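Reading the structure
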2 protein chains.
Amino acid sequence: MKIQGISTQTLRRLPYYLNYLVNCEADGGYISAAAVASALKLNEVQVRKDLATVCQVRGVPKKGFPVSDLIEGLRDCLGQNNVHDAILVGAGNLGRALLSYKGFEQYGLNIIAAFDIKEGEADGKKIFPLEKLPDIINRLSIKIAVITVPGDVAQQVCDILTSNGILAVWNFAPAHLTVPDGVLVQNENMASSLAVLSNHLKSRMEGSE
Amino acid sequence: MKIQGISTQTLRRLPYYLNYLVNCEADGGYISAAAVASALKLNEVQVRKDLATVCQVRGVPKKGFPVSDLIEGLRDCLGQNNVHDAILVGAGNLGRALLSYKGFEQYGLNIIAAFDIKEGEADGKKIFPLEKLPDIINRLSIKIAVITVPGDVAQQVCDILTSNGILAVWNFAPAHLTVPDGVLVQNENMASSLAVLSNHLKSRMEGSE
DNA sequence: TTCTTATCGATAACGTTTTATCAATTATAC
DNA sequence: GTATAATTGATAAAACGTTATCGATAAGAA
């Protein structure tokens, strides 16, 4: 059963739907696409399409969609019903920050080990030396890795990861990573977001002067 | 002079160009769009278009683009030539993590104060109570705010911010924010990224079984 | 100087994502 | 039971972003 073919942009909206639906459950069990759209400032048709892509829940004319079914479908699609174990490489500033952040588990990600060139400890967790990477990845059959190393070594680290079976990389390093086919890189580039922010601010400031 | 109209997606690529160019300056001063494209795994034409949008640097046939001019143009466009002061609201796990992260200044963002319901201290910086927000924003004429509060109070915090003149919000809270016209919300939604990751992993695992 | 060729810049084709339109459906009121 | 109105789902149109094509340009070689 292939559930293939959900576009990235749809996927990125799903957590917003889920968040909204979970906090709005009070309304008697059904909600309309229009209501969701207006709350999330999205287009009504887009909401319907997104929901249709995700789960086989049929909407009922004059009522809307059954909220709990939607939540179930979204959770399932987002993999929040089963937690994935992950490792983190690079226990510098940002790495430690993420290690201490407790919010990931809620979304189905469990960081079970961290690695760095120099051993140490962060947030009560032991930091392993890089040499132990292959062994641990294989032994625990980890598929997800978070990269928080400096940009200039990111590719190198990434190669080690993919050659040991990592299938999904969450890359916080400000660098482009090349990976084998079938491996996904999700870039969480703070610089990119800042670029958008700054630029907006700039045109606002220039516009008003 | 309106520099308006740079698409979000182009903007998000700019930091990659900048990063690459800064680390590749050795080549005699010129670089071709093709070279950049192949290094960053982008389309050659796209690179030309992006660069053309950003700065008025003309490429020279048979040579390429003058690297230092590109860097200058990119830095300027990204606002990295002048640092913006910002504040952070929500000194929980993630907030403290970001406060301790030293990498933002490099990109032109300087977090000068942090706020939370409960006062305290993090990373050597004092955390101010929320009541002080309006005063500090106005006195220092801050335009950028980072939101790292829990999702259920994010909107409320956001309202305080925008009503005091904040023009750009970098939102790490897992919630949709409604803002007045002219204010930009840049969502850094970890959940969205995880959604993409998980889904990929899921279809990979199902595909191979 | 002239020729060759790499590279640009502009324009056009393509694909994807978003938005609009409208007939079909069914809960609710009368 | 019938009419009404809200809502869906499908199809079409529009907007946007990416990729391909091709003539123009100038560097460097002959």
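Above this text sits the structure in question.
Residues numbered from 1 in each chain as written. Chains lettered and ligands numbered in written order. Predicted model: local features only at pLDDT ≥ 70, side-chain atom pairs only at ≥ 80, totals over all residues. Heavy atoms only, no water.

Here we look at the sheet that holds strand β8 (residues 168–171) of chain B
Residue and element names in this part refer to chain B. The strand order β5-β6-β4-β3-β7-β8-β9 describes an open sheet built from seven strands, whose pairing is mixed. Only two strands of the sheet have a single partner each, and these edge strands are β5 (120–122) and β9 (184–187). Taking each pair of neighbouring strands and ignoring which way they run, the sheet shows an average axis angle of 30°. (Pairing = 2+ DSSP bridges. Helix = DSSP H or I, 4+ residues; strand = E, 2+ residues; numbered from the N terminus. Axes fitted to C-alpha atoms, helices over the stretch in contact; angles between N-to-C directions.)

Let's talk about the packing of aromatic side chains
The final tally for this structure, using the stated rule, is eight aromatic pairs over all chains. Ring centres 5.8 Å apart and planes at 40° place the aromatic pair Phe115(B) and Phe128(B) in the tilted group. Of the two residues, Phe115(B) is situated in strand β4 (residues 109–116) and Phe128(B) in strand β6 (residues 125–129); the sequence distance between them amounts to 13 residues. The interplanar angle of 55° and the centroid separation of 5.1 Å between the aromatic rings of Trp170(B) and Phe172(B) together place this pair among those described as tilted. Each member of the pair Trp170(B) and Phe172(B) is classed as buried. Grouping aromatic residues by their ring pairs yields a cluster made of Tyr101(A), Phe104(A), Trp170(A) and Phe172(A). When the ring centre of Tyr30(A) is taken as reference, the NZ or CZ atom of Lys63(A) above it lies at 4.0 Å. (Phe/Tyr/Trp six-rings, centres within 6.5 Å; stacked < 30°, edge-to-face > 60°. Buried < 20%, exposed > 50% of the residue type's maximum accessible area, 1.4 Å probe, protein only. Lys NZ or Arg CZ within 6 Å of the ring centre and 35° of its normal.)

Some details on the interface of chain A and chain B
Of the residues lining the interface, 63 residues belong to chain A; the matching set on chain B comes to 63 residues. Of all residues in chain A, Tyr16(A), Leu197(A) and Leu201(A) give up the largest surface area on contact with chain B, accounting jointly for 10% of the area buried on that side. Taking the shortest distance from any N to any O, the salt bridge between Lys202(A) and Asp76(B) comes out at 3.8 Å. Remark: the boundary between chain A and chain B carries 21 residue pairs in polar contact (both at pLDDT 80 or more). When residues of the side of chain A that touches chain B are traced back to their parent elements, those giving at least two are α1 (8–22), α2 (33–40), α4 (67–77), α5 (93–100), β8 (168–171), β9 (184–187) and α8 (190–208) of chain A. With 17 residues, α8(A) is the single largest residue contributor to the side of chain A that touches chain B. Counted by class, the side of chain A that touches chain B contains 35 nonpolar, 18 polar and 10 charged residues. (Contact = heavy atoms within 4.5 Å. Buried area = accessible area lost by both parts, 1.4 Å probe. Salt bridge = Lys/Arg side-chain N within 4 Å of Asp/Glu carboxyl O. Polar contact = N/O pair within 3.5 Å; in protein donor to acceptor, adjacent residues only side chain to side chain. Nonpolar A, V, L, I, M, F, W, Y, C, P; charged D, E, K, R; others polar.)

Focus on α2(A)
Residues and elements named next belong to chain A. Of the residues making up α2, those classed as buried are Ala33, Val36, Ala37 and Leu40. The buried residues of α2 occupy an angular sector of 100° when projected down its axis, which confines them to one face. Buried residues belonging to α2 abut α1, β1 (30–31), α3 (44–54) and β2 (65–66). Following α2 by one or two positions, Lys41 has its phi on the positive side, about 55°. (Arc of directions from axis to C-beta.)

Any functional reading would require information that these geometric values do not contain.
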